[in-house]
Amino acid sequence: MRILGKIKGIAIIGACIACGAFAYALTRSPVFDGKDYELYTGTSSDEIIVTDTPAIDKFVTPVAGESARWEGDRAAELLERFDARVLFCEEVCGTRNYYCSSPLLGEGVLLRGVRVNLHIAVSGSRTAAGTPVIFGGF
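Note that the coordinates shown come from a computational prediction; the quantities given were computed from them, not determined experimentally.

> Can you help me understand the overall build of the protein chain in this one?
Looking only at helices and strands, the protein chain has three helices and nine strands in total. The secondary structure elements of the protein chain, listed N-terminal to C-terminal, are α-β-β-α-β-α-β-β-β-β-β-β. Within the span of the protein chain, comprising 138 residues, buried residues form 34% of the whole. Within the protein chain, contacts between residues separated by at least 24 positions form 51% of all contacts whose residues are at least 6 apart in sequence. Of the roughly 8300 Å² of accessible surface on the protein chain, a fraction of 60% belongs to carbon and sulfur atoms.

Below, the structure is given as structure tokens:
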């Protein structure tokens, strides 16, 4: 009986560790499903990792943000997917930028006095999205 109790205890501890690892992996999953994935490891465009394996890179690298790109205008789809509310827009050099708030994403950054955690940019036949914003160029 005593050995059976120890085995059960070890199994429970193993299950707890497995559940914790799974939960951690979920928090480290890529936010977007697009191409040209970028991870931001700091607060400037000098600290960008361009990757084809965001799930692996994000799992082992602390990141401050991320972005991806798609062909076509995907703004409406992204707004719906993230249940996002557009806070303000701007158009610069033919690129329409939507600065949004999504309850599904992290805290974000303060821009124009509001908290932004989703940035969508549409230019011609391409869309980029980033959280909290798109670093670097588009």
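> Even after reading the chapter, I still don't get the packing of aromatic side chains, so can you show me in this structure?
Aromatic rings in a pair are described by how distant their centres are and how their planes are angled relative to each other. Taken as a whole and judged by the stated rule, the model has four aromatic pairs. Between Phe-32 and Trp-70, the ring centres sit 6.0 Å apart and the planes meet at 80°, which makes this aromatic pair edge-to-face. On the criterion of sequence distance, the pair formed by Phe-32 in the loop between helix H1 (2–27) and strand S1 (35–40) and Trp-70 in strand S3 (residues 65–71) is long-range, its members being 38 residues apart. Neither residue differs from the other here; Phe-32 and Trp-70 are each classed as buried.

> Just checking my understanding: could you explain the nonpolar core for this structure?
In summary, soluble globular proteins display a tendency toward joint burial of nonpolar side chains. Within the largest apolar cluster, 17 residues are counted, with the highest numbers of intra-cluster contacts made by Phe-32, Phe-82, Cys-100, Leu-118 and Ile-120. Where this core is concerned, the elements lending two or more residues are S1, S3, helix H3 (75–81), strand S5 (95–101) and strand S8 (118–123). Setting aside residues no more than four positions away along its own chain, Leu-118 makes contact with Phe-32, Phe-82, Ala-84, Tyr-98, Tyr-99, Cys-100, Leu-105, Gly-130 and Pro-132. Counting residues in hydrophobic clusters, the runner-up holds nine residues, among them Phe-88, Ala-121, Ile-134 and Phe-135.

> Which parts of the structure should I look at to understand unusual backbone geometry?
Backbone geometry follows two general trends: most residues other than glycine have a negative phi, and most peptide bonds adopt the trans configuration. In this structure, Pro-132 follows Thr-131 across a cis peptide bond, with omega equal to 0°. Unusually for a residue other than glycine, Asp-83 sits at a positive phi of about 50°. Looking at the element boundaries, Asp-83 is found in the loop between H3 and strand S4 (85–92). A residue is classified by how much of its surface remains accessible, and Asp-83, at 53% relative accessible area, is exposed. Phi is positive for Arg-112, close to 50°, though the residue is something other than glycine.

> Honestly, the sheet that holds S1 in this entry has me stumped. Any pointers?
Strand pairing in a sheet relies on backbone hydrogen bonds. The paired strands run either parallel or antiparallel. With antiparallel pairing, seven strands are arranged side by side in an open sheet as S2-S1-S3-S9-S8-S5-S4. What marks the edges here is a single partner per strand, and that holds for strand S2 (48–51) and S4. Mean inter-strand twist for the sheet, computed between neighbouring axes without regard to direction, equals 20°. Where S5 and S8 come together, six bridges link them in antiparallel fashion. Each bridged residue has a counterpart across the sheet, and for Asn-97 the counterpart in S8 is Ala-121.

> Help me out: how do you make sense of the pairing of S4 in this one?
Summarising the sheet, S4 and S5 pair through seven bridges and their orientation is antiparallel. Along S5, the bridge assignment pairs Val-92 with Thr-95. Counting the residues in the hairpin turn of S4 and S5 gives two residues, including Cys-93, whose phi is positive at 50°.

Definitions and limits used
- Residues numbered from 1 in each chain as written.
- Predicted model: local features only at pLDDT ≥ 70, side-chain atom pairs only at ≥ 80, totals over all residues.
- Heavy atoms only, no water.
- Helix = DSSP H or I, 4+ residues; strand = E, 2+ residues; numbered from the N terminus.
- Buried < 20%, exposed > 50% of the residue type's maximum accessible area, 1.4 Å probe, protein only.
- Contact = heavy atoms within 4.5 Å.
- Areas by Shrake-Rupley, 256 points an atom, 1.4 Å probe, with all protein chains shown as cover.
- Phe/Tyr/Trp six-rings, centres within 6.5 Å; stacked < 30°, edge-to-face > 60°.
- Core = buried A, V, L, I, M, F, W, Y, C linked by side-chain atoms within 4.5 Å.
- Pairing = 2+ DSSP bridges.
- Axes fitted to C-alpha atoms, helices over the stretch in contact; angles between N-to-C directions.

This is a description of form; function is not addressed.
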